[in-house]
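Summary of the model geometry
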Amino acid sequence: MAKSFFVSTLILFFTAILESSIFTNISFLIVVPDFLLMCSIYFSLLNGKLYGEISGFTSGLFLDFITGAPLGLNCLLRTITGYVFGLFSETVIISGIIMPVLSVGCGTLLKRLILIVIGILYPSCNINIYGFISTQFLFEFCANVLLAPLVFFMLGYGKNILSINSTKDKIDNA
């Protein structure tokens, strides 16, 4: 478990660096696709709700420190998302195209809903909230949904290292 946590933390750290410093400088992107959300959802679906909470909190902490967002905003948002998707770890098969698209689409909607609720409850945080029907949200949603199978496929190469349960145990129990 320690090895899988260390590897997933490294993946989240480098993804946070790429997302916040390289992809934000690409001028033709309206909004940067949320690769950290995709990775957190993958880790949650692979390992369960506790691991999803930990990976969500870790990715949110990296993002809060790198971007200068209010400390704890992304931690809360991604911890809740990791827990929710970790609930489905036993029932969802993460290979293929349909489930990554559906799970990341629902994760993007959940992220936006939580941000709207936090923005309403704490208006002094000055969170840049754009609504469900805006070009920024639609671009982010479409980019996340289209890139989800690719991200899940790439993370699938390290499934044996990233999983806290061996795949042999899952085959024997079935």
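Below: a short report on this structure. (Residues numbered from 1 in each chain as written. Predicted model: local features only at pLDDT ≥ 70, side-chain atom pairs only at ≥ 80, totals over all residues. Heavy atoms only, no water.)

1. Structural notes on the packing of helix 1 (residues 2-22) against helix 3 (residues 49-67)
For the pair helix 1 and helix 3, interaxial distance at closest approach is 10 Å and the crossing angle is 35 degrees. Both helix 1 and helix 3 take part in a crossing whose hand is right-handed. Along its contact with helix 1, which presents Ser4, Phe5, Ser8, Thr9, Leu12, Phe13, Ala16, Ile17, Glu19 and Ser20, the element helix 3 presents Tyr51, Ile54, Ser55, Thr58, Ser59, Phe62, Leu63, Ile66 and Thr67. Split into classes, the residues belonging to the contact of helix 1 with helix 3 amount to 10 nonpolar, eight polar and one charged. (Axes fitted to C-alpha atoms, helices over the stretch in contact; angles between N-to-C directions. Helix = DSSP H or I, 4+ residues; strand = E, 2+ residues; numbered from the N terminus. Left-handed = near helix turned anticlockwise from the far one by under 90°. Contact = heavy atoms within 4.5 Å. Nonpolar A, V, L, I, M, F, W, Y, C, P; charged D, E, K, R; others polar.)

2. Examining the side chain of Asn74
Relative to the assigned elements, Asn74 resides in helix 4 (residues 73-86). Residue Asn74 is classed as buried on the basis of its relative accessible area, which comes to 10%. Within polar-contact distance, the side chain of Asn74 engages the side chain of Asp64 at 2.8 Å. When residues no more than four places from it in sequence are discounted, the contact partners of Asn74 are Gly60, Leu63, Asp64, Thr67 and Ala69. (Buried < 20%, exposed > 50% of the residue type's maximum accessible area, 1.4 Å probe, protein only. Polar contact = N/O pair within 3.5 Å; in protein donor to acceptor, adjacent residues only side chain to side chain.)

3. Some words on helix 1
Along its 21 residues, helix 1 runs 29 Å from first to last C-alpha, staying within 8% of the 30 Å computed at 1.5 Å per residue. On its buried face, helix 1 is in contact with helix 2 (35-47), helix 3 and helix 7 (159-162). (Expected span 1.5 Å × (residues − 1).)

4. Some details on the nonpolar core
Membership of the largest hydrophobic core comes to 31 residues, with the highest contact counts inside it found for Ile41, Tyr42, Phe43, Leu45, Ile94, Phe152 and Leu155. Elements supplying a minimum of two residues to this core: helix 1, helix 2, helix 3, helix 4, helix 5 (98-121) and helix 6 (135-156). Contacts of Tyr42, omitting those with residues within four sequence positions, involve Ile94, Phe152, Leu155, Gly156, Lys159 and Leu162. (Core = buried A, V, L, I, M, F, W, Y, C linked by side-chain atoms within 4.5 Å.)

5. Here's the deal with the environment of Leu37
Relative to the helices and strands, Leu37 is located in helix 2. The exposure class assigned to Leu37 is buried, which follows from its relative accessible area of 2%. For Leu37 and Arg78, which are 41 residues apart along the polypeptide, the C-alpha to C-alpha distance reads 7.4 Å. Apart from the residues within four sequence positions on either side, Leu37 is in contact with Arg78, Thr81, Gly107, Thr108, Lys111 and Asn144.

6. A short note on the packing of helix 2 against helix 3
Where helix 2 meets helix 3, the axes come as close as 8 Å, and the angle between the chain directions of the two elements is 165 degrees. Between helix 2 and helix 3, the angle falls in the class roughly antiparallel. The hand of the helix 2/helix 3 crossing is right-handed. When helix 2 is examined against helix 3, the residues Leu36, Ser40, Phe43, Ser44 and Asn47 are found in contact with a partner set consisting of Tyr51, Gly52, Ser55, Gly56, Ser59 and Leu63. In terms of residue class, the contact of helix 2 with helix 3 is made up of four nonpolar, seven polar and no charged. (Parallel < 35°, antiparallel > 145°, perpendicular 65-115°, else oblique.)

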